[in-house]
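# Close look at the chain arrangement
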Amino acid sequence: MSSLLKTDLKGRKTIALFATVFSLLVSLIYLGYSNNSETEQRDLVKQSESQYLAREILLEGARVFEDYYFKGTHIEDFSKGELQCLEKFDQLKAFPDRKRCYAPFVECVLKQSPVFQVNLGGGKYPLSFIKQNQHFLSPQSHTMKDKWGQLGYGHQALLELRDGDKQFRLKVFLKNNCHQKFLPHRFYGVKERVKLKSDNMFEWDNLGRNIYLDQFQVTEEEILEWREFDTDWNHSGKRAYQLTLRDMHRFCSYKGKQLMTVPLWDAASFLPLVLDDPTPLNLFRYPYPWSIRKSKVFLHKLKADEGDKISKDNCKQAYVKDCKGKLPYSPYFDQSKSWLGIGPILGGPLEVFRNPLRDKFNLKLSSFHFGFKSKVHAIGRRGAWSGVGFAASDISVDTNLGPLDFPSSLSQEEINFAFRCYKEEKK
Amino acid sequence: MRIFLIISLLILVSCKSQKEEQFAAQIKNNLIELFLPAIELEVLEQGRFNTGESLESFPSLNFPMVRAKILNENFDHFSGFCLFYLMPNNKKKKPGVISFVENYPGEDCFESQREREPFWEISKVEKFEVSFARDKQLRIKNSGSLGPYEIFLKIDFQGRGSRKEFIAERFSLQNLKRKRSRSILTFPHKTFDLKAFPYTLVGDYGDKYENKSQQFCYQVDKNCQVIKEFDCDSCRYGWTYVPGGECGEDFNAVCGVDRCGERGEFACPRGQAYLRGFVRDIEPCSQDSPLGYCQEGLVPICDENKNLVCL
């Protein structure tokens, strides 16, 4: 019995010892595995955190660059490049607001210095712009699907942060909504109406509609940029930026917009008699965009006087033929703006619209091709452009205006027809 | 011998505890990976959530609680997820479940739930807490202003063997700002078009009503029910409103280059003066309809759907 007990006790001890050793072995193996796994876990968390920090730096960089692009906020690292580029874009010196959202200028700046510093949490981090398809700011068309699936016209920039041999990149999309004017909800009319009993009573309203008009005409650089996207364009002018009417439509589509129309243009041009009343009983429309009194407008006064007395300030308001030699033309002259802030309403280049009322009469005649005494210098004086050619013979005028004093030089050279776009957004 | 047995037991228990810790660490890590790259966070159950109190009411309902838009690790692709919470039912002794379902842009969380299975679940949840708050520890130095926002998540759950566990994680969201509607934190700049979605551009340059090639991008039926939601941003060549219809100011809209007023095309919208009572006693479908206008020599006439066409 006792030997049995002894054997039993011995056996139990052996089992207990075996169990303990086994447990220890299992635990050690498990602990080893668990430690490995924990290290992996920690590495994973660390990796997530470093990626998170990179993301924060890149987002901060995107924010700083957006403020520069959209608001014109200063970035010290771009100062030198800006000075160099202003020599190339010298018109912008006098009109710094136009630098905002102007991709050709910013592209030039980035070519000079594609790196800028970002401050975050007390640290300084250099971010670089990376070229895509030979551009720092790569244009994106509304009419083309991007692999990113983003909607609308704008420019993409690729920001890069380097951390040792690692690189983090962020695509920044700069959707261009600058230099547009919202057309206030109110009654508008087309063509002049200075008398109560007028034969021109065409009126309309945009109540409940959200329409945005381009503040400026389309620039040559923008057209050259568009040509990279739209290969189906008909070119019949000598200069690359001379577009046919069809291509003007296509250009506006590229920006997700429509070609400016006559009712919208007149709405933005005629000075409302009472700005506070959006639904006036009588909608008078006076020939000049700056005053309802003709006697206060220099064009009217000059017509009444004899001789050439046009001043530089007059030319900034309406750049007519007589201004050549006095002042170089700029499409950005502030004085030529209408009540809505778009211009040039009178003077400057001939400008093309779509006319849904009288389709042939699609051209604003008031331009620097005509002297200040010409009848064309008033709102609503329109001519007809063929839409395909660029010679004076492609233009005809309303018989009501009588024969026009077309300068002879026009028959010798090709004419540039300016245009602009508008867009409507959901109610 | 007893000592041997106790040591063995302790070792086994410690192994188990290690396992629990690892389980919790795995959940933490998954949460980090999901929430840190968020570029937009929307709390969908605002009233209950922002108090920071645990959610225990409404048992057995699977609520979408948070919707997040995230940037992938290469920062070049968006995706999103919805966090659902199936609340515990204490009477039936059913624990709660937190599930994560992939969410596509333009889709609400319920649609996502119908369309696909969760890609991750945390089961045996007893309490769940989520809130947005200012990160008090990260007060901006010198200026003394409040720090950035953070999202706080606390999950009480039953670990293995019914052991009570909890995870409490704060994620500082330095670049996200609160929108006016206080439930959304978002990156407030234009860098990302957060409305972006994979889309198909509609329409061709030559599309015309006359050829019946134009496509409506917003349409209401005779009963003024929307039969096509507004999707005009995807029109390749722009879009225009079509005057007419039978639903007052709720005009249809078509894709394409603006050709309004031309022969055989839609009339141009003349406005709402008529609809708002400035012009009276004229039928919308009469020859001189006040709703639309056409080129000289053409008149607006209603087609079979009461849209005005120039003929």
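The notes below deal with the structure included here.

Rules of the game
Residues numbered from 1 in each chain as written. Chains lettered and ligands numbered in written order. Predicted model: local features only at pLDDT ≥ 70, side-chain atom pairs only at ≥ 80, totals over all residues. Heavy atoms only, no water. Helix = DSSP H or I, 4+ residues; strand = E, 2+ residues; numbered from the N terminus. Buried < 20%, exposed > 50% of the residue type's maximum accessible area, 1.4 Å probe, protein only. Contact = heavy atoms within 4.5 Å. Areas by Shrake-Rupley, 256 points an atom, 1.4 Å probe, with all protein chains shown as cover. Disulfide = S-S within 2.5 Å. Axes fitted to C-alpha atoms, helices over the stretch in contact; angles between N-to-C directions. Parallel < 35°, antiparallel > 145°, perpendicular 65-115°, else oblique. Left-handed = near helix turned anticlockwise from the far one by under 90°. Nonpolar A, V, L, I, M, F, W, Y, C, P; charged D, E, K, R; others polar.

## Remarks on the overall build of chain A
Counting its secondary structure elements, chain A contains 10 helices and 16 strands. Expressed as a percentage of the 427 residues in chain A, the buried residues total 55%. Of all intrachain contacts in chain A linking residues separated by at least 6 positions in sequence, the fraction that spans at least 24 positions is 62%. If you sum the accessible surface of chain A, you get close to 20100 Å²; carbon and sulfur atoms cover 53% of it.

## Structural notes on the state of the cysteines
Residues and elements named next belong to chain B. In the structure shown here, the tally under the stated rule is 11 disulfides over all chains. Linked covalently through their sulfurs, C217 and C232 form a disulfide whose S-S length is 2.0 Å. One disulfide, between C217 and C232, carries an S-S torsion of 85° and so falls in the right-handed class. One end of the pair, C217, is in strand β10 (residues 216-220); the other, C232, is in the loop between β11 (226-228) and β12 (239-242), and 15 residues separate them in sequence. The burial state of C217 is the same as that of C232; both residues are buried. There is a disulfide in this structure between C294 and C310, and the S-S distance comes to 2.1 Å. Between C294 and C310 the sulfur-sulfur dihedral comes to about -85°; the bridge is accordingly left-handed. One end of the pair, C294, is in the loop between β15 (292-293) and β16 (300-302); the other, C310, is in strand β17 (residues 308-310), with 16 residues separating them in the sequence. The exposure class assigned to C294 is buried, which follows from its relative accessible area of 8%. Here the cysteine-cysteine linkages of chain A are recorded as 1-3, 2-4, 5-8, 6-7, numbering only bonded cysteines and doing so in sequence order.

## Focus: the packing of helix α2 (residues 79-88) of chain A against helix α4 (residues 103-112) of chain A
Residue and element names in this part refer to chain A. Packing of α2 against α4 leaves a shortest axis separation of 8 Å and a crossing angle of 130°. Judged on the interaxial angle alone, α4 and α2 are oblique. For the element pair α2 and α4, the recorded crossing hand is right-handed. Along the contact surface, α2 presents G81, E82, Q84, C85 and L86, while α4 presents F105, C108, V109 and Q112. For the contact of α2 with α4, the per-class residue count stands at 5 nonpolar, 3 polar and 1 charged.

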